Amino acid sequence: MTEKGARILLIEDEPNIAEGILFNLELEGFQCIHAVTGEEGLEALAQASFDLVVLDLMLPGIDGIEVCRLLRQRDPQLPVLMLTARADEADRVAGLESGADDYLTKPFSLAEFLLRVRGMLRRSSWYRGEALREPVYRFGEVEVQLNEGWARTPRETIELTSQELKVLRLFFNHEGQVLTREKLLAEAWGMSPKAETRTLDNFIVRLRRYFETDPSDPKHFRTVRGRGYRFVREPEQEKRAP
Ligand code: CA
């Protein structure tokens, strides 16, 4: 799939915002469907396939969080960009926890919006192209099926989003090494280091909750103070090393 001609579903109830977004997406050559409620959005998802969903958090009826949860049950890998009107941290965390891959806080510039959309489409097509060559990856008691997009832990089986797979692949390819915040944001999100970096921290919280025995005392997804994060595949071997 190329970026051009990608099918995008916009779920947004505010006419002025929807109009600006649709005008610009169509100008870029994307095919857009517009839904004004969560119910309409889910209906559109049931009837056609999309390459990306732009989802407003505050919707009449079913809100964006619930739409995202329901959508994820159906397609764990469909990229979702959530739009939130409030700069409230709790909203952003809730959005990412419900399975959104990224978010933008209103008001945003259309230039920034288009950058995010293009980046997400590019990453998801990379992911689809690479997927068949990927092995199964194991660490601790966790098994990650990168090609099929799911992971098994002693507690549960988790369907992973394309963004989660992208971040996990980066960690697995650099096991034992420090990944700086800048590198993670640039390579996994296509963001400049000055971007809203809470996206990254919220994401790590989510990975720890999935994969760590005790998320408050992470053994695999370690914080490296002032620098970034480090993935440790075998914590026990590391302890014995000099
Ligand atoms: Ca709204």
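None of these values were measured; they are calculated from a predicted model.

**Q** Hey, could you go over helix H1 (residues 15-27) for me, with residue numbers and the actual values?
**A** Residue pairs three or four apart in sequence face the same way in an α-helix, which turns once every 3.6 residues. Relative to the 18 Å expected for 13 residues at 1.5 Å per residue, H1 spans 18 Å between its end C-alpha atoms, a close match to the ideal helical length. Among all positions in H1, only Ala-18, Ile-21, Leu-22, Asn-24 and Leu-25 are buried. After H1 finishes, the residue Gly-29 shows a positive phi value of roughly 95°.

**Q** Talk me through the packing of helix H6 (residues 162-173) against helix H7 (residues 181-189); I want residue IDs and the actual numbers.
**A** Interaxial distance between H6 and H7 falls to 10 Å at its minimum, and their mutual angle equals 135°. Between H6 and H7, the angle falls in the class oblique. Regarding H6 and H7, the two cross each other, and that crossing is right-handed. Of H7, the residues touching H6 (which contributes Gln-163, Lys-166, Val-167, Leu-170 and Phe-171) are Leu-184, Glu-187, Ala-188 and Trp-189. Along the lines of polarity and charge, the residues of the contact of H6 with H7 split into 6 nonpolar, 1 polar and 2 charged.

**Q** Account for the coordination of the calcium ion, naming residues and giving values.
**A** Of the protein atoms, only Asp-13 (OD), Glu-14 (OE), Asp-56 (OD) and Met-58 (O) coordinate the calcium ion, at distances of 2.1 to 2.7 Å. Counting gaps between the donor residues of the calcium ion yields the pattern D-E-x41-D-x1-M. Of the two residues, Asp-13 is situated in the loop between strand S1 (7-11) and H1 and Met-58 in the loop between strand S3 (52-56) and helix H3 (64-74); the sequence distance between them amounts to 45 residues.

**Q** Explain the packing of aromatic side chains to me, and be specific about the residues and the numbers.
**A** Across all of its chains, the model carries 15 aromatic pairs by this definition. Ring centres of Phe-139 and Phe-231 lie 5.1 Å apart, and the angle between their planes is 90°; on these two criteria the pair is classed as edge-to-face. With a gap of 92 residues between them, Phe-139 in strand S6 (residues 136-139) and Phe-231 in strand S12 (residues 228-231) connect regions that are remote in the sequence. The exposure class of Phe-231 is buried, given its relative accessible area of 0%. Seen in terms of ring centroids, Trp-189 and Phe-203 are 5.0 Å apart; in terms of plane orientation they differ by 85°. Their pairing is edge-to-face. With a gap of 14 residues between them, Trp-189 in helix H7 and Phe-203 in helix H8 (residues 198-211) connect regions that are remote in the sequence. Each of the two residues, Trp-189 as well as Phe-203, counts as buried. Ring-pair connections join several aromatic residues into one group, and the members of that group are Tyr-137, Phe-139, Phe-171, Phe-172, Tyr-210, Phe-211, Phe-221 and Phe-231. In this arrangement the basic side chain of Arg-7 is found over the ring face of Phe-50, its NZ or CZ atom lying 5.0 Å from the centre. Here Arg-206 stacks its cationic end above the ring of Phe-203, 4.6 Å away from the centre of that ring.

**Q** Could you give an account of the pattern of salt bridges, with specific residues and numbers?
**A** Applying the stated criterion across every chain, the model contains 16 salt bridges. Lys-219 is the salt-bridge partner of Asp-217, the closest N and O atoms lying 2.9 Å from each other. Among the residues examined, Asp-217 registers a relative accessible area of 39% and is labelled partly exposed. Taking relative accessible area as the criterion, Lys-219 reaches 34% and is therefore assigned partly exposed. Here the salt bridges do not stand alone but share partners, grouping Glu-12, Glu-14, Asp-56 and Lys-106 into one network.

**Q** Lay out the pairing of S3 in plain terms, naming residues and giving numbers.
**A** By the criterion of burial, S3 is predominantly enclosed, with 5 of the 5 residues buried. Residue alternation in S3 divides its side chains into two sets, Leu-52, Val-54 and Asp-56 and Val-53 and Leu-55, and both sets are buried. Bridge count for S1 against S3 is 4 bridges, and the pairing is parallel. What sits directly across from Leu-10, in S3, is Val-54.

**Q** Give me the lowdown on the environment of Ser-124, citing residues and values where you can.
**A** In this fold, Ser-124 is placed in helix H5 (residues 110-130). As for Ser-124 and Leu-165, which are separated by 41 residues in sequence, their C-alpha atoms are 9.9 Å apart.

Thresholds applied
- Residues numbered from 1 in each chain as written.
- Predicted model: local features only at pLDDT ≥ 70, side-chain atom pairs only at ≥ 80, totals over all residues.
- Heavy atoms only, no water.
- Helix = DSSP H or I, 4+ residues; strand = E, 2+ residues; numbered from the N terminus.
- Expected span 1.5 Å × (residues − 1).
- Buried < 20%, exposed > 50% of the residue type's maximum accessible area, 1.4 Å probe, protein only.
- Axes fitted to C-alpha atoms, helices over the stretch in contact; angles between N-to-C directions.
- Parallel < 35°, antiparallel > 145°, perpendicular 65-115°, else oblique.
- Left-handed = near helix turned anticlockwise from the far one by under 90°.
- Contact = heavy atoms within 4.5 Å.
- Nonpolar A, V, L, I, M, F, W, Y, C, P; charged D, E, K, R; others polar.
- Donors = N, O, S within 2.8 Å, 3.2 Å for Na, K, Ca; no water.
- Phe/Tyr/Trp six-rings, centres within 6.5 Å; stacked < 30°, edge-to-face > 60°.
- Lys NZ or Arg CZ within 6 Å of the ring centre and 35° of its normal.
- Salt bridge = Lys/Arg side-chain N within 4 Å of Asp/Glu carboxyl O.
- Pairing = 2+ DSSP bridges.

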